[in-house]
Amino acid sequence: MKTNPGRFFEDYRLGETIRHATPRTVTEGDAALYTALYGPRFAVQSSDAFARAIGYPGKPLDDLLVFHVVFGKTVPDISLNALANLGYAEGRFLKPVKAGQTLSTVSEVIGLKESSNRQTGVVYVRSTGSDESGETVLSYCRWVLVRKRDHGATIAEEHVPSFAKAVDPADLASALPRLDAGAYDTDLAGSPHRFADYAKGERIDHVDGTTVEEAEHQLATRLYQNTAKVHFDALATRETKFGKRLIYGGHVISIARALSFNGLANAFALAGINAGRHVAPLFAGDTVYAWSEVLDTATVPGRDDVGLLRLRTVAAKNRSCAGFPDREGEGYDPSVILDLDYWAFIPR
Amino acid sequence: MKTNPGRFFEDYRLGETIRHATPRTVTEGDAALYTALYGPRFAVQSSDAFARAIGYPGKPLDDLLVFHVVFGKTVPDISLNALANLGYAEGRFLKPVKAGQTLSTVSEVIGLKESSNRQTGVVYVRSTGSDESGETVLSYCRWVLVRKRDHGATIAEEHVPSFAKAVDPADLASALPRLDAGAYDTDLAGSPHRFADYAKGERIDHVDGTTVEEAEHQLATRLYQNTAKVHFDALATRETKFGKRLIYGGHVISIARALSFNGLANAFALAGINAGRHVAPLFAGDTVYAWSEVLDTATVPGRDDVGLLRLRTVAAKNRSCAGFPDREGEGYDPSVILDLDYWAFIPR
Amino acid sequence: MKTNPGRFFEDYRLGETIRHATPRTVTEGDAALYTALYGPRFAVQSSDAFARAIGYPGKPLDDLLVFHVVFGKTVPDISLNALANLGYAEGRFLKPVKAGQTLSTVSEVIGLKESSNRQTGVVYVRSTGSDESGETVLSYCRWVLVRKRDHGATIAEEHVPSFAKAVDPADLASALPRLDAGAYDTDLAGSPHRFADYAKGERIDHVDGTTVEEAEHQLATRLYQNTAKVHFDALATRETKFGKRLIYGGHVISIARALSFNGLANAFALAGINAGRHVAPLFAGDTVYAWSEVLDTATVPGRDDVGLLRLRTVAAKNRSCAGFPDREGEGYDPSVILDLDYWAFIPR
């Protein structure tokens, strides 16, 4: 059989390493498309002149563009037969990526847990994205619910990994060159608010909303070479629970991050992903809003140029976030689609 | 408050200068997207080889891409609370922009006029786009109708500026390197018609039409980092007069300009904008057509390589321009959406 | 008349050469858009690092991006008044194209045959795409059914050319640098199957499907500066046989090629087009599937690094290709939209 049927739960072995296809040189073309798809306005990623003024060799690519490209490669091997993308943890952005660099991804199977009904199981992987010199640019864990091919198949070894509740700020220092924070021009950046202006517990409604079109999420998901067919095939998805194409969860993350500029304009670089959950699906025609809470603030050992905000960004669909839709009892307000807990750098 | 509420009419002061966020490096990626969004076919902007043959260092970016990027930055400070974009004047394209350059925008408030109902006022600005070396690439005036926050607020100083009916051709010479007009290959450019072939009063129906999709104008408007929410939020715009997303007026200008290639293929560079008006709104699903009239022709002092055509390009929706839909009495034919008066360079 | 009315059948002369507008520098921006539009995952075109490891100076542009750009230029001169794009033959990809190169196209009229009703005629052209140094990168023949302006007009000279059933593999060697096939990493490429793993007669269902949106095909077709109005004007096409916009046939070819990765991941470069036919039209909202048959395999004289697969890729709409929809009697299964016979290189 020449086509890739994808792996089923019983095909994974604890500790095995999977080298994913396709290595990908990320270019200014990808960066422009990323801007067209989400409209991010962070000055560092938008302007070579701004980035150089504070100490970068030139504007870095958006961290989430890097994330999506690294993630996309894992889909044919990890989630082609997945029923759900259950969560993220221990994500670390370790090195800025520039246009022209080539990214590839390797995943290690760090956990396997069969479901009690023996029809599915949870696969836990740690995926590592590297540049062409072999240096790690991003590492993160995710776990997905995967179908079994043969319900009777037995699993050699099971293990449920435990994850840190939050990435230690001390592990995030390498992601950023040392900055000249005095040269960081807040007029050009779009907001006067620096590290010290944010306080734990503060909540920000990002106000703006954006309605998503089929063409947009399809362009994005193909750009990331993510092949999950639920995003592209309107005919086949008619037979699914939702009856239509499902939007790639990462598309929602990028929309929420771009919306968060309005309130977090200087939190310009992602440092780590502590936890993430796609609470409900998004479909074309829906309008996305977002709000954020400052869960914590932290200084970075040995650095007085930047601080870290631990943010929780919640995205909702078809409902303004003025009322901060959130968890409710065991679940969530029905409008909530994303709950993402992450660290972001912000100049001091 | 961390989010940007936008300025209201009483927040502006005559003579003040506003430095806008976000500086933006414009790349080959943006140029490719611009081609995909509008399909322009002007040889100078399409081909490094063609551009070099006539004296450019390489292909310049499309003038309107530059315009939209420079314009987009002004939106959060000038038109977030605007009710209408009333007009343009005194636009001058002063320096060609290449991929890799970084654009930023500063606006000066040159006029303020409260409306007689005291609920709104007109803000006049001169916006100046500069490259990373600080040289001006584009300057233009526009005026917008802006809401007041407090209807009782008083305005310190009012002034209504007067604008030249047309930019003086003598002020436009710097926008273009000296060209080797003999090396300008009209076969490759797509039309044999040079400066001398156009006459004042001539009208051209550009024939072709293009239907606009939501995904297209949203991609374009985000590419320009234009944040006006009426272009993106289908849910919030349900409550507006039109009940749906409104397309950025600059999108219409770019469509009309690209359509105008069919008849004006050698009028390859914009030199100045004399006057412009968005006569009626455009919505997704509408089909745009355009026609042009040669209002005037002019030589450029000291240059025998190029001449200038003063053109009036009119765009209409859902009606072919074979009948040249135009002003009618006090208003316009109901199909008309754009009336733009500008200077364009054309080889002699 | 300043606008291009297109040529009619009686305007062509056997043997004449037409230099087409607009020369076009193809960039990383175009390559990124191509990825976003179709999602191809061939490692050689995706990764500079991968391409260099096997002997390319860097990643080449996708062969079909080159094809569409070369083809697009011919539309204003060849097919503006065409009723149908009848076929392709003798296509040869002769030189890899990198980002930054400038493509132009010349066509020679190699055949003319008036229809028996004297209202139309078939125009046969050989179109040649060259880079900025004048070297041919692509050559192919196509024939189109073109309207006559004046049904009474007489044709000076008629001729029906004959085409080779398939391009001779010996004529295709120049398209590829000599590769280090041992350095071709099949893990990164996404499939272990090399030349020897494919056998004549083998059929592969490419499994995946993709639903096409209006915005997508319009963006693609404009990117190629293809001006055929049937692709863009929803209002004018209401009066046509189909009542709606028709998708550029080349868009279908690119979709089918990208889908074919799943089964043909190492057949990374197109070498020649033997025959091609757009069997039925595609419209927005349709879902495209594809399957391929290995018609033949061939070695390339003097080269032990690569072999050639002669493939026939069939695309269908709104029907999975699990059942291999194909020719039926005189015609085709009603789902079939494309029947393309081509040579592709694959490492040995």
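Our subject is the structure that appears above.
Because the structure is a prediction, the values reported are computed rather than measured.

Draft legend 1. How the structure looks around the overall build of chain A. Helix and strand content of chain A: nine helices and 14 strands. Computed over the C-alpha atoms, the radius of gyration of chain A is 20 Å, within 12% of the 20 Å expected from 2.2 N^0.38 for a compact globule of 348 residues. Judged by the C-alpha coordinates and their principal axes, chain A covers about 65 × 45 × 35 Å. Within chain A, contacts between residues at least 6 apart in sequence are counted, and of these 79% link residues at least 24 apart. Accessible surface, chain A as shown: approximately 11700 Å² in total, 48% of it carbon and sulfur. If the 39 positive side-chain charges of chain A are averaged to one point and the 43 negative ones to another, these points end up 4 Å apart.

Draft legend 2. Layout of the pairing of strand β14 (residues 336-347) of chain B. Residues and elements named next belong to chain B. Among the twelve residues of β14, twelve are classified as buried, and the element is accordingly described as predominantly covered. Pairing geometry for strand β9 (residues 269-278) and β14, over eight bridges, is antiparallel. Each bridged residue has a counterpart across the sheet, and for Gly 272 the counterpart in β14 is Trp 343. The pairing of strand β11 (residues 303-317) with β14 spans eleven bridges and is classified as antiparallel. Each bridged residue has a counterpart across the sheet, and for Leu 308 the counterpart in β14 is Phe 345.

Draft legend 3. Structural view of the nonpolar core. By size, the foremost hydrophobic cluster in this structure holds 174 residues, and its most contacted members are Phe67(A), Tyr224(A), Phe67(B), Tyr224(B), Phe67(C) and Tyr224(C). Lining this core are residues from two domains, each supplying at least three of them: domain 1 (1-26 + 61-148) and domain 2 (184-348) of chain B. Residues contacting Tyr224(B), with those up to four places away along its chain left out, are Tyr34(B), Tyr38(B), Leu65(B), His68(B), Val69(B), Gly72(B) and Tyr248(B).

Draft legend 4. Here's a closer look at the relation of the copies chain A and chain C. Overlay of chain A on chain C (RMSD 0.0 Å): rotation 120 degrees, translation along the axis 0.0 Å. Accordingly, the operation relating the two chain copies is best matched by a three-fold axis. Across chain A, the smallest distance between a C-alpha and the rotation axis is recorded for Gly29(A), namely 2.2 Å. Taken together, the interface assignments show that only 12% of the residues at the interface of chain A recur at the interface of chain C, consistent with different surfaces on the two copies.

Draft legend 5. Region of interest: the interface of chain A and chain C. On the chain C side, the residues contacting the 33 residues of chain A number 47 residues. Around 3000 Å² of area is buried between chain A and chain C when both sides are counted, 56% of it from carbon and sulfur atoms. On the chain A side of the contact with chain C, Lys2(A), Arg19(A) and Arg222(A) bury the most area, a combined 24% of that side's loss. Our count for the chain A to chain C interface comes out at six salt bridges. One can count 19 residue pairs in polar contact (both at pLDDT 80 or more) joining chain A with chain C. Of the residues forming the side of chain A that touches chain C, the biggest block, six residues, is contributed by helix α7 (residues 214-223) of chain A. Considering only residue class, the side of chain A that touches chain C consists of twelve nonpolar, eleven polar and ten charged.

Draft legend 6. Inspection of the side chain of Ser254(B) at higher detail. Along the polypeptide, Ser254(B) turns up in helix α7 (residues 249-259). Every residue in contact with Ser254(B), bar those within four places of it in the chain, is listed here: Tyr34(B), Tyr38(B), Leu64(B) and His68(B).

Draft legend 7. Molecular detail of helix α4 (residues 63-79) of chain B. Residue and element names in this part refer to chain B. Of all the bends found along α4, the most pronounced is centred on Lys 73 and spans about 35 degrees, while Pro 76, a proline, follows it within four residues. With 17 of 17 residues buried, α4 lies mostly within the body of the structure. The opening residue of α4 is Asp 62, an N-cap whose side-chain oxygen sits 2.9 Å from the backbone nitrogen of Leu 64.

Draft legend 8. View of the interface of chain B and chain A. Each partner contributes to the interface: chain B provides 33 residues, whereas chain A provides 47 residues. Taken as a group, Lys2(B), Arg19(B) and Arg222(B) account for 24% of the area that chain B buries against chain A, more than any other trio of residues on that side. There are six salt bridges connecting chain B and chain A. Notably, a salt bridge pairs Asp208(A) with Lys229(B), separated by 3.8 Å at the nearest N-O pair. The tally of links from chain B across to chain A stands at 19 residue pairs in polar contact (both at pLDDT 80 or more). Contributions of two or more residues to the side of chain B that touches chain A are made by β2 (24-25), α1 (28-38) and α6 (214-223) of chain B. Among the elements that line the side of chain B that touches chain A, the one with the most residues is α6(B), at six residues. Considered class by class, the residues forming the side of chain B that touches chain A number twelve nonpolar, eleven polar and ten charged.

Draft legend 9. Geometry of the relation of the copies chain B and chain A. Least-squares fitting of chain B to chain A yields an RMSD of 0.0 Å, with the transformation described by 0.0 Å of translation along the axis and a rotation of 120 degrees. In this assembly the copies use different faces: only 12% of the residues contributing to the interface of chain B also contribute to that of chain A.

Draft legend 10. Unusual backbone geometry, seen in detail. All names here are of chain A. A cis geometry characterises the amide bond from Ala 21 onward to Thr 22, with omega recorded as -5 degrees. Here Thr 22 lies in the loop between β1 (17-19) and β2 (24-25). The phi dihedral of Arg 118 is positive, around 60 degrees, even though this residue is not glycine. Relative to the helices and strands, Arg 118 resides in the loop between β4 (102-114) and β5 (120-130). Its identity is not glycine, yet Gln 225 carries a phi of approximately 55 degrees, on the positive side. Relative to the helices and strands, Gln 225 is located in the loop between α7 and α8 (249-259). The exposure class of Gln 225 is buried, given its relative accessible area of 5%.

Draft legend 11. Representation of the pattern of salt bridges. A full pass over the atoms with the stated rule returns 78 salt bridges over all chains. Here Glu213(A) makes a salt bridge to Arg245(B), at a shortest N to O gap of 2.9 Å. Here Arg245(B) lies in the loop between α6 and α7 and Glu213(A) lies in the loop between β8 (210-211) and α7, a pairing that spans two chains. On the accessibility criterion, Arg245(B) (7% relative accessible area) is buried. Across the pair Asp339(C) and Arg312(C) runs a salt bridge whose closest N-O atoms are separated by 2.8 Å. Here Asp339(C) is found in strand β14 (residues 336-347), whereas its partner Arg312(C) is found in strand β11 (residues 303-317), with 27 residues between them in sequence. Residues joined in a network through salt bridges with shared partners are Glu293(A), Arg312(A), Asp326(A), Arg327(A) and Asp339(A).

Draft legend 12. Representation of the packing of α7(A) against helix α6 (residues 214-223) of chain C. Two elements in contact, α7(A) and α6(C), have axes separated by 8 Å at closest approach and are oriented at 60 degrees. Judged by the inter-axis angle, α7(A) sits oblique to α6(C). For the pair α7(A) and α6(C), contact is made by Glu214(A), Ala215(A), Gln218(A), Leu219(A) and Arg222(A) and by Ala215(C), Glu216(C) and Leu219(C), respectively. Residues that form the contact of α7(A) with α6(C) fall into these classes: four nonpolar, one polar and three charged.

Draft legend 13. Structural detail: the environment of Phe8(A). All names here are of chain A. Secondary-structure assignment places Phe 8 in the segment before β1. Here the alpha-carbon distance between Phe 8 and Gly 276, two residues 268 residues apart in the chain, equals 24 Å. In this view, Phe 8 contacts Asn 81, Val 146, Arg 147, Lys 148 and Arg 149; residues no more than four positions away in its chain are not counted.

Draft legend 14. Spotlight on helix α7 (residues 249-259) of chain C. Extensive coverage of α7(C) is indicated by the burial of eleven of its eleven residues. Within α7(C) the residues assigned to the buried category are Gly249(C), Gly250(C), His251(C), Val252(C), Ile253(C), Ser254(C), Ile255(C), Ala256(C), Arg257(C), Ala258(C) and Leu259(C).

Draft legend 15. A look at the packing of aromatic side chains. Tallied over the entire structure, the rule returns 45 aromatic pairs over all chains. An angle of 70 degrees between the planes, with centres 5.9 Å apart, marks the rings of Phe67(A) and Tyr88(A) as edge-to-face. In this pair, Phe67(A) sits in helix α4 (residues 63-72) while Tyr88(A) sits in strand β3 (residues 82-93), placing the two residues 21 residues apart along the sequence. Against the face of Phe283(B) rests Lys244(B), its NZ or CZ located 4.5 Å from the ring centre. Between the NZ or CZ atom of Arg257(B) and the centre of the ring of Phe42(B), over which it lies, the distance is 4.1 Å.

Draft legend 16. Local environment of the environment of Val122(B). All names here are of chain B. On the secondary structure map, Val 122 appears in strand β5 (residues 120-130). Sequence separation of Val 122 and Leu 308 is 186 residues, and the distance between their C-alpha atoms is 32 Å. Leave out the neighbours within four places in its chain, and Val 122 touches Phe 9, Leu 86, Gly 111, Leu 112, Lys 113, Trp 143, Val 144 and Leu 145.

Criteria and cut-off values
Residues numbered from 1 in each chain as written. Chains lettered and ligands numbered in written order. Predicted model: local features only at pLDDT ≥ 70, side-chain atom pairs only at ≥ 80, totals over all residues. Heavy atoms only, no water. Helix = DSSP H or I, 4+ residues; strand = E, 2+ residues; numbered from the N terminus. Rg over C-alpha atoms; globule rule 2.2 N^0.38 Å. Contact = heavy atoms within 4.5 Å. Areas by Shrake-Rupley, 256 points an atom, 1.4 Å probe, with all protein chains shown as cover. Lys, Arg positive; Asp, Glu negative; His and termini not counted. Charge placed at Lys NZ, Arg CZ, Asp CG, Glu CD. Buried < 20%, exposed > 50% of the residue type's maximum accessible area, 1.4 Å probe, protein only. Pairing = 2+ DSSP bridges. Core = buried A, V, L, I, M, F, W, Y, C linked by side-chain atoms within 4.5 Å. Domains from an automatic or database assignment. Least-squares fit on C-alpha atoms with pLDDT ≥ 70 in both. Buried area = accessible area lost by both parts, 1.4 Å probe. Salt bridge = Lys/Arg side-chain N within 4 Å of Asp/Glu carboxyl O. Polar contact = N/O pair within 3.5 Å; in protein donor to acceptor, adjacent residues only side chain to side chain. Nonpolar A, V, L, I, M, F, W, Y, C, P; charged D, E, K, R; others polar. Bend = angle between axes of the 7 residues up to and from the residue. Axes fitted to C-alpha atoms, helices over the stretch in contact; angles between N-to-C directions. Parallel < 35°, antiparallel > 145°, perpendicular 65-115°, else oblique. Phe/Tyr/Trp six-rings, centres within 6.5 Å; stacked < 30°, edge-to-face > 60°. Lys NZ or Arg CZ within 6 Å of the ring centre and 35° of its normal.

These results come straight from atomic positions and should not be treated as a statement about function.
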